[in-house]
Amino acid sequence: MDTKRNLRYFTAPLISPYTVIGLVVAIAGFVVCRLFMSEIQWVAFIGLVVMVIGICIIVYGVGRKSKPSDLDFQIYEKVKYLDETAQKRHEVYESHFSRIIRPVHLKGYDYLTEGIIFKKGTDNKNRTNVYNAAVLYFTDDTMYVYGKHFSLTDDLFDKEIVGKYKLTDLDHAEIVDDVFVYTRDEKYPYRVNIHSFRVVANDGKDAVMMSVDYGADMDTACEQINRVIQVAKERANA
């Protein structure tokens, strides 16, 4: 993972010094080239060279930081084998899965970790420098959790999410709505509506708690999890 370029994506100004310098040099070269093209051709050629140098400076400045598509690709590479790893880690495979609920996949940029960096991209997508993804597997009596929690800007922040819970020890699943306030610019803080997927144990502690990309599938997952918890408890009390 190219953490240095990723960090520049989140922290570099929209217009970098390289862009400004390159633009000035390119314009100067273009002006010289136009002025002397028909009179002193060798001077015009120098102007053309200067213009090309300016363009190269601009390209270099742009290339020093990751693009949104670069971040998306790095995340994909990091989590693409999540299902296979989860099944091997817990030694739970499809033949063991509950028939009344399919595996639940959770993913999204992390807004809950302290000290995260936020940026709204040129593609109009909100991102932070920390990402989490997990899969929840269910057998008739147990929920298995496996996931990844990692930083795009720090190679040392790379954690596994691992858990195993009896369904009878769980209380419910829910979506928690909140507002994330980013205060890098204290005068104009940026507010983002965020959603977290939460599975609560009987003792009130979180079995799962992570910010996710919200959609109707998340509401459906909560309903299904609550149903299998109810069924497990009814079976245990029968």
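Residues numbered from 1 in each chain as written. Predicted model: local features only at pLDDT ≥ 70, side-chain atom pairs only at ≥ 80, totals over all residues. Heavy atoms only, no water.

*Asks:* Sorry, what's going on with the packing of aromatic side chains here?
*Replies:* The relation between two aromatic rings is expressed through the spacing of the ring centres and the mutual angle of the planes. On inspection of all chains with the given rule, the structure shows 10 aromatic pairs. Between Y111 and F180 the ring centres are 5.1 Å apart and the planes differ by 65 degrees, which places this aromatic pair in the edge-to-face class. Residue Y111 is located in the loop between β1 (104-109) and β2 (118-120), and its partner F180 is located in strand β7 (residues 170-182); the two are separated by 69 residues in the primary sequence. The exposure class of Y111 is buried, given its relative accessible area of 13%. Exposure remark for F180: the relative accessible area of 11% places this residue in the buried category. Every member of this aromatic cluster is reached through a ring pair, and the members are Y111, F118, F180, Y182 and Y190. (Phe/Tyr/Trp six-rings, centres within 6.5 Å; stacked < 30°, edge-to-face > 60°. Helix = DSSP H or I, 4+ residues; strand = E, 2+ residues; numbered from the N terminus. Buried < 20%, exposed > 50% of the residue type's maximum accessible area, 1.4 Å probe, protein only.)

*Asks:* Would you mind showing me how to read helix α5 (residues 82-90) here?
*Replies:* Each full turn of the α-helix corresponds to 3.6 residues, which orients residues three or four apart in the same direction. Along α5, the residues that are buried comprise L82, A86, Q87 and H90. Along α5, the residues classed as buried sweep out an arc of 130 degrees about the axis, all on the same side. Elements in contact with the buried residues of α5: α4 (68-79), β4 (130-138), β5 (142-151) and β6 (158-166). Once α5 finishes, E91 follows within two positions and takes phi at roughly 55 degrees, a positive value. (Arc of directions from axis to C-beta. Contact = heavy atoms within 4.5 Å.)

*Asks:* Please explain helix α6 (residues 216-237) as it appears in this structure.
*Replies:* Here α6 contains 22 residues, and its C-alpha end-to-end distance of 32 Å stays within 8% of the 32 Å for a straight helix at 1.5 Å per residue. Burial in α6 covers these residues: M218, A221, C222, I225, V228, I229, V231 and A232. Structurally, α6 contributes buried residues whose contacts are with β1, β4, β7 and β8 (190-201). (Expected span 1.5 Å × (residues − 1).)

*Asks:* What should I look at first to understand the pairing of β4 in this one?
*Replies:* Where a strand is regular, its side chains alternate between the two sheet faces. For β4, the buried fraction is high: 9 of the 9 residues fall into the buried class. Burial of β4 is two-sided: the residues V130, N132, A134, L136 and F138 facing one way and the residues Y131, A133, V135 and Y137 facing the other way are all buried. One ladder, built from 9 bridges, connects β4 with β5; its direction is antiparallel. Note that in β5 the partner of L136 across the bridge is V145. (Pairing = 2+ DSSP bridges.)

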